[in-house]
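Here's the letter readout for the chains.
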Amino acid sequence: MELSDVTQLVKLLDKSGLSELRFNDGTSSVVLKKETHVMGVPMVAAPVAQAAPVATPAAAPSAPAAAAPKSAAPKYKEITSPMVGTFYASPSPGAPAFVSAGSVVKPGQVLCVIEAMKIMNEIESDVSGEVMEVCVANETPVEYGTVLFRVKPA
């Protein structure tokens, strides 16, 4: 099995409604799983995911702490990493960044690349608006659910 075959399987999984794809050609076997998350609450490894619900109810009784996220939530859409890998702001070293703070984006526009297992994955915007913040430095390792961008919806 070639790297291009794996890349095509990743694209197939990404575009399909499937959450898991298994492929076996007799000599190679690949299992791809797509992580899912609840809107606004990134899911990560079990120990962290268990800690998040505990922190959320504790913050709820505190009026000032609860008020700040609620006022920020409608203002900006957070675009998070769908995988673990290395964040790249530009298509190649020395090239200009795909977007920066102040850039106007539309759905389907490439915002960055995340390299995972030697595969370059383009991360696209799912909202129209203005990039208010690039939250990750170039060539930084990211985890699933890491906030990459904050976009003010148009």
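Provided above is the structure to which this section pertains.
Residues numbered from 1 in each chain as written. Predicted model: local features only at pLDDT ≥ 70, side-chain atom pairs only at ≥ 80, totals over all residues. Heavy atoms only, no water.

(A) Inspection of the overall build of the protein chain at higher detail. The helix and strand tally for the protein chain stands at three helices and 10 strands. Counted from the first residue to the last, the protein chain has its helices and strands arranged as α-β-β-α-α-β-β-β-β-β-β-β-β. Going through the 154 residues of the protein chain one by one, you find that 25% of them count as buried. A sequence separation of at least 24 residues applies to 55% of the contacts in the protein chain between residues at least 6 apart. Per element, the accessible surface of the protein chain, about 10100 Å² overall, is 60% carbon and sulfur. (Helix = DSSP H or I, 4+ residues; strand = E, 2+ residues; numbered from the N terminus. Buried < 20%, exposed > 50% of the residue type's maximum accessible area, 1.4 Å probe, protein only. Contact = heavy atoms within 4.5 Å. Areas by Shrake-Rupley, 256 points an atom, 1.4 Å probe, with all protein chains shown as cover.)

(B) Quick look at the nonpolar core. By size, the foremost hydrophobic cluster in this structure holds 16 residues, and its most contacted members are Phe87, Cys112, Leu148, Phe149 and Val151. Those elements that place two or more of their residues in this core are strand S6 (110-116) and strand S10 (147-153). (Core = buried A, V, L, I, M, F, W, Y, C linked by side-chain atoms within 4.5 Å.)

(C) How the structure looks around the environment of cysteine 112. Relative to the assigned elements, cysteine 112 resides in strand S6. For cysteine 112, a relative accessible area of 0% corresponds to the buried category. It is 9.5 Å that separates the C-alpha atoms of cysteine 112 and asparagine 138, two residues lying 26 residues apart in sequence. Other than its neighbours up to four places away in sequence, cysteine 112 contacts Phe87, Tyr88, Phe98, Asn121, Glu122, Ile123, Leu148 and Phe149.

(D) Seen up close, the environment of serine 125. Its place among the elements puts serine 125 in the loop between strand S7 (119-124) and strand S8 (129-134). With relative accessibility at 4%, the residue serine 125 sits in the buried group. Separated by 20 residues in the primary sequence, serine 125 and valine 105 have C-alpha atoms spaced 7.1 Å apart. Ignoring any residue separated from it by four or fewer positions in sequence, one finds serine 125 in contact with Ile79, Val105, Lys106, Pro107, Gly108, Gln109 and Leu111.

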